[in-house]
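Topology and contacts: notes
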Amino acid sequence: MTTDDTARLAENLSRELRHLVMLLRRTTAGQPVTAQQYSVLGSLEDGARRMTDLAEEHGVQLPTMSVQVNRLEEAGLVARGTDASDARVRTVELTVEGRDRLRAVRRARIAYLSGRLSGLTAEERTAIARALPALAKLGRA
């Protein structure tokens, strides 16, 4: 594959990923928690995280992440704490309500995607299934 081919592939992939992200965001439209805030909740699924780590993961400045976390805390979806190794460091973790809300959103997104996938041909679904390992590798690089 040439450099031009790779650039075209990147352009096409970017466009289609944008459409898929917008499609998934529709499942949370009209809810008091934004898609970005649900993304933050997902980042907390495996346990408490430092605010600086969350900001870096989401590609935002610390003040922006603080605003998101403040809103989630006000909604009762996250709780703040301190890092065991450094009491000056603030951490954030899911509350029971936050975990329940995250699971509900995931179920809604999966149901929505399942419906969309069922409208594809068997060959199209197989192509997507075959592409998943490469997409996973790309997303975790």
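Notes on the structure in this doc start here. (Residues numbered from 1 in each chain as written. Predicted model: local features only at pLDDT ≥ 70, side-chain atom pairs only at ≥ 80, totals over all residues. Heavy atoms only, no water.)

In this section: the sheet that holds strand β1 (residues 49-50). Spatial ordering of the open sheet is given by β1-β3-β2, a layout of three strands whose pairing is antiparallel. Here the strands that pair on one side only, and so sit at the sheet edges, are β1 and β2 (78-83). Taken together, the six bridges between β2 and strand β3 (residues 86-94) define a ladder with antiparallel strand orientation. Within the sheet, the bridge partner assigned to T82 lies in β3 and is R90. (Pairing = 2+ DSSP bridges. Helix = DSSP H or I, 4+ residues; strand = E, 2+ residues; numbered from the N terminus.)

Another aspect to go through is the layout of surface pockets. The volume enclosed by the largest pocket comes to roughly 1,600 Å³. L17, L20, V21, L24 and L113 are, among the 34 residues lining the largest pocket, the residues nearest its centre. Of all the secondary-structure elements, those providing two or more residues to the lining of the largest pocket are α1 (3-25), α2 (35-43), α3 (51-58), α5 (96-118) and α6 (122-139). Looking at which element gives the most residues to the lining of the largest pocket, the answer is α5, with nine residues. Partitioned by chemical class, the residues of the lining of the largest pocket number 20 nonpolar, seven polar and seven charged. (1 Å grid on protein atoms, 1.4 Å probe; cavity = no way out; pocket = protein on both sides within 12 Å on 5 of 7 lines; lining within 4 Å. Points joined across faces, edges and corners; volume = space filled by probe spheres on them. Nonpolar A, V, L, I, M, F, W, Y, C, P; charged D, E, K, R; others polar.)

Shape is all these values report; function is a separate question.
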